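Each chain, letter by letter, is given below.
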Amino acid sequence: MKNIGVMNYLKISLQHALYLLHHGMLEDANRNLSQAETWRYGEKSSSQEVLINLIQAYKGLLQYYIWSKKKMELSQLDEDDYAYNTASQNMLNHSWKTSINLCALIQIPGVWDPFVKSYVEMLEFYGDQDGAREVLTNYAYDEKFPSNPNAHIYLYNFLKREKAPREKLISVLKILYQIVPSHKLMLEFHRLLRKSENEEHHKLGLEVLFGVLDFAGCTKNITAWKYLAKYLRQTLMGRHLAWVQEEWNSRKNWWPSFHFSYFRAKSDWKEDKALACEKALVAGLLLGKGCRYFRNISKQDHQVLKKKIKQIKKSVKKYSIVNPGL
């Protein structure tokens, strides 16, 4: 029963501190967290340990917020100014306190996104690239932690800032692709794969684009359609028909009604003619000249897009996968 009382006290303290933080009462929140952190009664259970770590982490997050404000103040001072040295020392004191509080929490398996981001920002600010890389790598790859797309996004963005080799960036985004194939970074992933010298990466680049456009939220993503139209044509020109067929076989029963209906053609042409043209090329390459979407767009009389539509017809005639001459 005593343990239940302790747990309730810690939970209420944490909730109250979060309320104070939310309302900008930083000093009160810090005092509340400090009291909860030092309060002890009997032996600590493992669940109490987690709560105390969480309280310490929120205290660290509060100190990080103060550190961020001091960092902003520091950026507005002249380095030769006496005030600069004082502000710099204050920042260092806060970062040391913050790192102690945050470091303990992120060792415990869980989803700690705001804490990890804060800690890494401070490590990078003080030039500890190795420390930041280690934290992010553990957060992304340690099997004790739950699957978390953000962990891989943070690691990718860090490696990008470090100008890491393309292969390294690809390996990180490959895992993100397996977790969230519709993530906005997938178009960046496609570009990296396309630039690779590895043919397996070129094949995966096609798979990634089809994967993005499987999702309803991406149906009007003109960049994704532009990439697919161009890459599909290149892939067929490079005589990789099998790659296209492999992706199309699992979609041929539902993509036509999902993306390429007569209704879609009319609404796309009305809303975004550039999008309609990209989709028309994809539709024609996958379904041939008889496809309703392709037929509807290819017969449009538009002075500005006349040349574009003519090129689409030519590509479909030459490279469509339903063309017996291919």
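Everything that follows concerns the structure shown earlier in this document.
What you are looking at is a predicted structure, and each value in this text was computed from that prediction instead of being measured. (Residues numbered from 1 in each chain as written. Predicted model: local features only at pLDDT ≥ 70, side-chain atom pairs only at ≥ 80, totals over all residues. Heavy atoms only, no water.)

1. Focus: the packing of aromatic side chains
Thought 1: A full pass over the atoms with the stated rule returns 16 aromatic pairs.
Thought 2: On the basis of an interplanar angle of 80° and a centroid distance of 5.9 Å, the ring pair of Y139 and F145 is categorised as edge-to-face. You'll find Y139 and F145 in the same group, each marked buried.
Thought 3: Considering the side-chain rings of W225 and F260, the 5.9 Å spacing of their centres and the 65° angle between planes classify their relative orientation as edge-to-face. Residue W225 is found in helix α11 (residues 222-237), and its partner F260 is found in the loop between α13 (255-259) and α14 (262-271); the two are separated by 35 residues along the sequence. Each member of the pair, W225 as well as F260, is classed as buried.
Thought 4: An aromatic cluster is present here, built from F210, W225, W248, W254, W255, F258, F260 and Y293 joined pairwise through their rings. (Phe/Tyr/Trp six-rings, centres within 6.5 Å; stacked < 30°, edge-to-face > 60°. Buried < 20%, exposed > 50% of the residue type's maximum accessible area, 1.4 Å probe, protein only. Helix = DSSP H or I, 4+ residues; strand = E, 2+ residues; numbered from the N terminus.)

2. Overview of the pattern of salt bridges
Thought 1: Tallying each qualifying case throughout the model produces 13 salt bridges.
Thought 2: Between E246 and K203 there is a salt bridge, and its shortest N-O distance comes to 3.1 Å. With E246 in helix α12 (residues 241-249) and K203 in helix α10 (residues 199-212), the pair connects residues that are 43 residues apart, well separated along the chain.
Thought 3: Overall, the relative accessible area of 46% leaves E246 in the partly exposed class. (Salt bridge = Lys/Arg side-chain N within 4 Å of Asp/Glu carboxyl O.)

3. Some points on a positive patch on the surface
Thought 1: A surface patch of positive charge is lined by R233, K306, K310, K314 and K318.
Thought 2: Residue placement: K314 occurs in helix α17 (residues 306-319).
Thought 3: Residue classification places K314 among the exposed positions, given a relative accessible area of 64%. (Patch = residues over 30% accessible without salt bridge, like charges linked within 9 Å, V, L, I, M, F, W, Y side chains within 5 Å. Areas by Shrake-Rupley, 256 points an atom, 1.4 Å probe, with all protein chains shown as cover. Lys, Arg positive; Asp, Glu negative; His and termini not counted. Charge placed at Lys NZ, Arg CZ, Asp CG, Glu CD.)

4. So, the packing of α14 against helix α15 (residues 273-287)
Thought 1: Closest axis-to-axis distance for the α14/α15 pair is 6 Å, and the angle between their directions is 140°. By the criterion of interaxial angle, the relationship of α14 to α15 is oblique. Residues R264, D268, W269, K270 and E271 of α14 touch α15, and the partners they reach there are K273, L275, A276, C277 and K279.
Thought 2: A class-by-class count of the residues in the contact of α14 with α15 yields four nonpolar, no polar and six charged. (Axes fitted to C-alpha atoms, helices over the stretch in contact; angles between N-to-C directions. Parallel < 35°, antiparallel > 145°, perpendicular 65-115°, else oblique. Contact = heavy atoms within 4.5 Å. Nonpolar A, V, L, I, M, F, W, Y, C, P; charged D, E, K, R; others polar.)

5. Details of the packing of helix α8 (residues 166-179) against α10
Thought 1: Here α8 crosses α10 at 35°, and the two axes come no closer than 13 Å. Handedness of the α8/α10 crossing: left-handed. For the pair formed by α8 and α10, the contact residues are E167, I170, K174 and Y177 on the first element and H201, L204, E207 and V208 on the second. (Left-handed = near helix turned anticlockwise from the far one by under 90°.)

6. Observations regarding unusual backbone geometry
Thought 1: Unlike most non-glycine residues, K163 shows phi in positive territory, near 60°.
Thought 2: Looking at the secondary structure, you find K163 in the loop between α7 (149-161) and α8.
Thought 3: The class of K163 is exposed, set by a relative accessible area of 72%.
Thought 4: Residue R239 is not a glycine yet carries a positive backbone phi of 60°.
Thought 5: Its place among the elements puts R239 in the loop between α11 and α12.

7. Some details on α15
Thought 1: Between the first and last C-alpha of α15 there are 20 Å, a value that for 15 residues agrees with the 21 Å anticipated at 1.5 Å per step.
Thought 2: Here α15 lies mainly inside the structure; 12 of its 15 residues are buried.
Thought 3: Those residues of α15 not exposed but buried are L275, A276, C277, E278, K279, A280, L281, V282, A283, G284, L285 and L286.
Thought 4: Measuring from the backbone nitrogen of A274 back to the side-chain oxygen at the start of α15 gives 3.3 Å, which picks out D272 as the cap.
Thought 5: Looking at the residues trailing α15, positive phi occurs at G288, about 85°. (Expected span 1.5 Å × (residues − 1). Polar contact = N/O pair within 3.5 Å; in protein donor to acceptor, adjacent residues only side chain to side chain.)

8. So, the side chain of H259
Thought 1: On the secondary structure map, H259 appears in helix α13.
Thought 2: Assessed through its relative accessible area of 0%, H259 is described here as buried.
Thought 3: Each residue touching H259, except ones within four places of it in the same chain, is listed here: L213, T219, W225, R264, K279 and Y293.

9. Notes on the environment of E188
Thought 1: Looking at the element boundaries, E188 is found in helix α9 (residues 186-195).
Thought 2: A relative accessible area of 16% means that E188 is categorised as buried.
Thought 3: C-alpha separation for the pair E188 and L173, spaced 15 residues apart in sequence, amounts to 9.1 Å.
Thought 4: When residues no more than four places from it in sequence are discounted, the contact partners of E188 are Y156 and K160.

10. Notes on the environment of K160
Thought 1: Summarising the element assignment, K160 is placed in helix α7.
Thought 2: The partly exposed category is assigned to K160, whose relative accessible area is 41%.
Thought 3: If we skip the residues at most four places from it in the chain, K160 touches L169 and E188.
Thought 4: Polar side-chain contacts of K160 include one of 2.7 Å to the side chain of E188.

Shape descriptors only; they carry no functional weight alone.
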